[in-house]
2 protein chains.
Amino acid sequence: MCGTDENGTAPQPAQNQKSASWPYSQVQDYISQVNSYKIIESTLREGEQFANAFFTTENKIKIATMLSDFGVDYIELTSPVSSPQSYEDCKTICSLGLKSKILTHVRCNMEDAKKAVECGVDGVDLVIGTSSFLREYSHGKSMELIQKTAIEVIEYVKSQGVEVRFSSEDSFRSDLVDILTLYKAVDKAGVNRVGVADTVGGATPRMVYDLVRTLRGVVGCDIETHFHDDTGCAVANALTALEGGATHVDTSVLGIGERNGITPLGALMARMVVTSPEYTKSKYKLSQLKAIEEYVSSVVQVNIPFNNPVTGFCAFTHKAGIHAKAILANPSTYEIIDPAVFGLTRYISITSRITGWNAVKSRVQQLGLDLTDDQVKEVTAKIKQMADIRPLAIDDTDSIIHSYHLGLQAQASSA
Amino acid sequence: MCGTDENGTAPQPAQNQKSASWPYSQVQDYISQVNSYKIIESTLREGEQFANAFFTTENKIKIATMLSDFGVDYIELTSPVSSPQSYEDCKTICSLGLKSKILTHVRCNMEDAKKAVECGVDGVDLVIGTSSFLREYSHGKSMELIQKTAIEVIEYVKSQGVEVRFSSEDSFRSDLVDILTLYKAVDKAGVNRVGVADTVGGATPRMVYDLVRTLRGVVGCDIETHFHDDTGCAVANALTALEGGATHVDTSVLGIGERNGITPLGALMARMVVTSPEYTKSKYKLSQLKAIEEYVSSVVQVNIPFNNPVTGFCAFTHKAGIHAKAILANPSTYEIIDPAVFGLTRYISITSRITGWNAVKSRVQQLGLDLTDDQVKEVTAKIKQMADIRPLAIDDTDSIIHSYHLGLQAQASSA
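Residues numbered from 1 in each chain as written. Chains lettered and ligands numbered in written order. Predicted model: local features only at pLDDT ≥ 70, side-chain atom pairs only at ≥ 80, totals over all residues. Heavy atoms only, no water.

What follows is about the overall build of chain A. A count of helical and extended segments in chain A gives 16 helices and 11 strands. Across its three principal directions, the C-alpha atoms of chain A cover 95 × 50 × 35 Å. Residues counted as buried form 63% of the 415 residues belonging to chain A. Residue pairs at least 24 apart in sequence account for 73% of intrachain contacts in chain A once pairs closer than 6 positions are excluded. (Helix = DSSP H or I, 4+ residues; strand = E, 2+ residues; numbered from the N terminus. Buried < 20%, exposed > 50% of the residue type's maximum accessible area, 1.4 Å probe, protein only. Contact = heavy atoms within 4.5 Å.)

If you want it as structure tokens, here you go:
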């Protein structure tokens, strides 16, 4: 029932069908970063804000090591100011010598920044709320004070030979002119990256494109983006940000984070292996994704969502008759992602009332039986009839096929 | 630990902060349908293609009734040609007299269309693959033959006084000129809706906007959209389609469908209650969403994903100290959706190492204890210390607070 392409790559429409006119099939915005994006993996920071997360030092080391092996560019850790253990763990992970650079995420003040640098991180991610909501109800600071503090802290971190990012929080509900002014000032002060954050998960792809595209014209530094998933747009927003000129995307494994979380690493990989197949497949060890998701899901005690892109239990299961027929002829008809790229396989179900005879024929052949097309159609009708009555398992349908085949043999020998 | 707004509505940024310049906060494209969108609920068609789905007649009646009560405009059923029971169930559901109109989804040929009309449906949804992939590997028909057949079938269905939709399959990998030609012809033939389908789940928001916006200029009829979620963009694509002039969105409960499914009803509601709060809240009974999801998840034997928008177990849980502080002052700081709109409540966690003293202060007050801010900070440090060692439950943190409070009383009485 399973089959994968030998070469592990699904045919790409643009390669096979150069003459057809699909919008976007061969167009690439000059400003787009989809072929050079970088990942800031925040399972050990944003993910620690997930309701179920309690990471031991051992968990943190294993997660960081797996993510580094997978190929993420950066690993972000909880602020060392959060608790004594957070401080110790930050130092421990910095000392592992991982391939990924290690960041920690701290409030934009000198005390927190000093503690971060003390831990030996490669970079410090500064954050402060800039929306009128957060300025009124959280820290109460004016934009002038935010800017003054930001520049002092940035200059300090840079003086220590450490990378520094400055991010607003709730960027999409911040005054556009205010944040552009602020980003321009910190860019001039030599920040390595500015960050745009949809902290409440309310942004839409077109809002994201507009803001990032505008910001791209204002600053020369890298642009990092962070999207919460409250309204189900976190993956699409991340892609659209890259199209608009953002350079970095924040992810966490399975998207774990505050509330229902952020852009999931796995779903982003599903998206980017379609948008930017060569870069994505050469840079990230996609076949390790499932093991990483399984480890993190066991640590935070959740099930991998049934509908998860790529690793959901039925992400490559085909059931309707017309789908199965075409998939058997060419997997690209109903699959935009080749499961083999992620070390997975496809499955064609024939156990339901909506199956079709082409799918059943494929199973008949796998069972080594010899039936004509008319006979396959007859046994398909028997399967559909039974599937109307109760749920069938694969051994039920195999029994129906075998029993039908035996009946034919009995008829032939008695004739 | 829980609290909701009395009036059931979160403050809207655009109302509170008219002077601020947020992109999109007050802009509305003239072509956008976000304030008048309609839902075609396909749990009983697309959802039946989900690997785990086996719906009995009783399940189907209950699901259709719940969806109709919820307020969806259309309910789409599996083709009556699929199996004898599918035919019977289609007739049964048409006879229930539900508020939602009943559709069935059939292949674009006269035989299937006649069977559909025979069942008493309000509308017939015709579908045929138009991508070169599907034309080569599935049905093998030319565009000319597709168009000729489509017009014959459309004219037949209309002659029976029944609504008719014509949809391509795999629209985003179909030749743009081919499908615009086809849609223009069926529009002229009087079709009620044309459908755009991202059958493989590879479309991106900007591809969707461009195709729908272009199509909007070519046809006068309604435009239905159908998005698979293989690359995590199904919700954002649906929204962007509405922004580009589409009128209808296909959904299923929890997104169940082929592979990892389509735009989920619940996630679309989360998106639209933010984008178009008045229309969405007045049209759909959002407080019934959770019950519908729970019923369907039990029928198809899956768990509601931990990270589901709105109904995921932690969608309204706040954990980090700086989030909790602001949420306590004004929920809109870190919530774009008011949980009360869906009949749900929020939860502020104080059981982790990343909690903060404002969150703990709120719990101290709920427990009816009297502590100064300095004392709250001291007990917060104790909680963080303990939370560094092991996962804490809410009664653990309550015990730490009570024990600290008792200690203070003992000091006071011995002094």
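After that view of the structure, there is still more to cover.
Turning our attention to the domain arrangement of chain A. Residue and element names in this part refer to chain A. Parsing chain A into structural domains produces domain 1 (38–300) and domain 2 (317–413). Computed from C-alpha atoms alone, the centre-to-centre distance between domain 1 and domain 2 is 47 Å. The contact between domain 1 and domain 2 buries some 590 Å² in all, and 87% of this surface belongs to carbon and sulfur atoms. The interface formed by domain 1 and domain 2 holds zero salt bridges in total. Counting every contact that joins domain 1 to domain 2 gives zero residue pairs in polar contact (both at pLDDT 80 or more). Elements with a minimum of two residues in the side of domain 1 that touches domain 2: α10 (265–275) and α12 (289–299). A total of four residues in the side of domain 1 that touches domain 2 trace back to one element, the largest contributor, which is α10. (Domains from an automatic or database assignment. Buried area = accessible area lost by both parts, 1.4 Å probe. Salt bridge = Lys/Arg side-chain N within 4 Å of Asp/Glu carboxyl O. Polar contact = N/O pair within 3.5 Å; in protein donor to acceptor, adjacent residues only side chain to side chain.)

The description of two packed helices rests on the angle between their axes and on the distance between the axes. Residues and elements named next belong to chain B. Put simply, helix α13 (residues 321–329) and helix α14 (residues 357–366) touch, their axes get as near as 7 Å, and they point 50 degrees apart. Classified by the angle between their axes, α13 and α14 sit oblique to one another. Across from Ala324, Lys325 and Leu328 in α13, the residues of α14 making contact are Asn358, Ala359 and Ser362. Here the contact of α13 with α14 is composed, by residue class, of three nonpolar, two polar and one charged. (Axes fitted to C-alpha atoms, helices over the stretch in contact; angles between N-to-C directions. Parallel < 35°, antiparallel > 145°, perpendicular 65-115°, else oblique. Nonpolar A, V, L, I, M, F, W, Y, C, P; charged D, E, K, R; others polar.)

For the rest of this paragraph, the subject is the UniProt feature "domain: Pyruvate carboxyltransferase" (unreviewed entry) in chain A. In this numbering, the UniProt entry assigns the feature "domain: Pyruvate carboxyltransferase" (unreviewed entry) to residues 37–290 of chain A. Taken as a whole, residues 37–290 of chain A contains 45% helix and 18% strand, while its terminal C-alpha atoms sit 21 Å from one another. (UniProt positions renumbered as here; feature names shortened; annotations may be inferred.)

Moving on to the pattern of salt bridges. The final tally for this structure, using the stated rule, is 46 salt bridges over all chains. B:Glu48 is the partner of B:Lys60 in a salt bridge, and the nearest nitrogen-oxygen pair spans 3.9 Å. With a gap of 12 residues between them, B:Lys60 in helix α2 (residues 57–70) and B:Glu48 in the loop between β2 (38–41) and α2 connect regions that are remote in the sequence. In this structure, B:Lys60 engages B:Asp89 in a salt bridge whose closest nitrogen and oxygen atoms are separated by 2.7 Å. Highlighted residues: B:Lys60 in helix α2 and B:Asp89 in helix α3 (residues 84–94), separated in sequence by 29 residues. Residue class for B:Lys60 comes out buried when judged on its relative accessible area of 6%. Among the charged side chains, a salt-bridge network with shared partners connects A:Lys101, A:Asp125, A:Glu163, A:Arg165, A:Arg193 and A:Glu224.

Moving on, we get to the interface of chain A and chain B. Of the residues lining the interface, 104 residues belong to chain A; the matching set on chain B comes to 103 residues. Taking both partners together, chain A and chain B bury about 9,100 Å²; carbon and sulfur atoms supply 59% of that area. Our count for the contact surface shared by chain A and chain B stands at four salt bridges. One salt bridge connects B:Glu48 with A:Arg353, and the closest N-O pair in it is separated by 2.3 Å. Residue composition of the side of chain A that touches chain B, by class: 49 nonpolar, 32 polar and 23 charged.

The next subject is the relation of the copies chain A and chain B. With an axial shift of 0.0 Å and an RMSD of 0.1 Å, the rotation relating chain A to chain B amounts to 180 degrees. Such a combination of turn and shift is consistent with a two-fold rotation axis. Minimal C-alpha distance to the rotation axis in chain A is attained by A:Pro305, lying at 2.3 Å. In this assembly the copies share their binding face: 99% of the residues contributing to the interface of chain A also contribute to that of chain B. (Least-squares fit on C-alpha atoms with pLDDT ≥ 70 in both.)

A few words on the sheet that holds strand β5 (residues 123–129) of chain A. Residues and elements named next belong to chain A. Strand order in this closed barrel of eight strands is β2-β3-β4-β5-β6-β7-β8-β9, and the pairing throughout is parallel. On average, each strand axis in the sheet is tilted by 25 degrees relative to the strand beside it, whichever way the strands run. Across three bridges, strand β6 (residues 163–169) lies against strand β7 (residues 193–198) in parallel orientation. Within β7, the residue paired with Arg165 across the bridge is Arg193. (Pairing = 2+ DSSP bridges.)

Quick look at the packing of α2(B) against helix α12 (residues 289–299) of chain B now. Residues and elements named next belong to chain B. With their axes 10 Å apart at the nearest point, α2 and α12 run at an angle of 165 degrees to one another. With respect to each other, α2 and α12 are oriented roughly antiparallel. By crossing handedness, the relation of α2 to α12 is classed as left-handed. Facing α2, whose interface residues are Glu58, Asn59, Lys62, Ile63, Met66, Leu67 and Phe70, α12 presents Leu289, Ala291, Ile292, Tyr295, Val296 and Val299. Of the residues assigned to the contact of α2 with α12, the class counts are 10 nonpolar, one polar and two charged. (Left-handed = near helix turned anticlockwise from the far one by under 90°.)

A few words now on helix α8 (residues 205–216) of chain A. Its 12 residues give α8(A) an end-to-end C-alpha distance of 16 Å, which sits within 8% of 16 Å, the value for a rise of 1.5 Å per residue. Of all the 12 residues making up α8(A), nine are buried; the element is thus mostly covered by neighbouring parts of the structure. Looking at α8(A), one finds that the buried residues are A:Pro205, A:Arg206, A:Met207, A:Val208, A:Tyr209, A:Leu211, A:Val212, A:Leu215 and A:Arg216. Tucked inside the fold, the buried residues of α8(A) contact α7 (176–188), β7, β8 (222–227) and α9 (234–243) of chain A together with α8 (205–216) and α9 (234–243) of chain B. (Expected span 1.5 Å × (residues − 1).)

As a further point, take the environment of B:Asp250. Residues and elements named next belong to chain B. Summarising the element assignment, Asp250 is placed in strand β9 (residues 248–251). Take Asp250: its relative accessible area is 1%, and that puts it in the buried class. As a C-alpha pair, Asp250 and Tyr74 span 176 residues in sequence and 9.3 Å in three-dimensional space. At 2.7 Å, the side chain of Asp250 and the side chain of His226 are in polar contact.

It is worth spelling out the environment of B:Thr380 at this point. When you line up the elements, B:Thr380 lands in helix α15 (residues 373–389). Other than its neighbours up to four places away in sequence, B:Thr380 contacts B:Thr355, B:Gly356, B:Trp357 and B:Val360.

Once that is clear, we can look at the state of the cysteines. Each disulfide consists of one covalent bond between the sulfur atoms belonging to two cysteines. In total, this model carries zero disulfides over all chains according to the counting rule given. With no disulfide of its own, A:Cys221 lies 14 Å from the sulfur of A:Cys108, the closest cysteine sulfur. Classification of A:Cys221 by relative accessible area gives buried; the value is 8%. With no disulfide of its own, B:Cys233 has A:Cys233 as its nearest cysteine by sulfur position, at a separation of 9.0 Å. (Disulfide = S-S within 2.5 Å.)

This paragraph deals with helix α6 (residues 143–159) of chain A. Residue and element names in this part refer to chain A. Across its 17 residues, α6 extends 24 Å between first and last C-alpha, which sits within 8% of the 24 Å expected from 1.5 Å per residue. Listed in full, the buried residues belonging to α6 are Met143, Ile146, Ala150, Val153, Ile154, Tyr156 and Val157. All buried residues of α6 lie within an arc of 160 degrees about the axis, which places them on one face of the element. Counted as exposed and oriented over 90 degrees from the buried face of α6: Glu144, Lys148 and Ser159. Turning to α6, the residues buried within the fold contact α4 (110–118), β5, α5 (132–139), β6 and α7. Positive backbone phi, approximately 75 degrees, marks Gly161, located one or two places after α6. (Arc of directions from axis to C-beta.)

Residues and elements named next belong to chain A. Following the criterion strictly, the structure yields 12 aromatic pairs over all chains and no others. Ring centres of Tyr37 and Tyr279 lie 5.1 Å apart, and the angle between their planes is 65 degrees; on these two criteria the pair is classed as edge-to-face. In this pair, Tyr37 is assigned in the loop between α1 (13–16) and β2 (38–41) and Tyr279 in helix α11 (residues 277–283), connecting sequence segments 242 residues apart. Its relative accessible area of 0% is what places Tyr37 among the buried residues. Classification of Tyr279 as buried rests on a relative accessible area of 18%. A connected cluster of aromatic rings, assembled from ring pairs, spans Tyr37, Phe70, Tyr279 and Tyr284. The residue whose ring lies beneath Lys114 is Tyr156, and the NZ or CZ to ring-centre distance is 5.7 Å. Lying across the ring of Trp357, Lys377 places its NZ or CZ 4.6 Å from the centre. (Phe/Tyr/Trp six-rings, centres within 6.5 Å; stacked < 30°, edge-to-face > 60°. Lys NZ or Arg CZ within 6 Å of the ring centre and 35° of its normal.)

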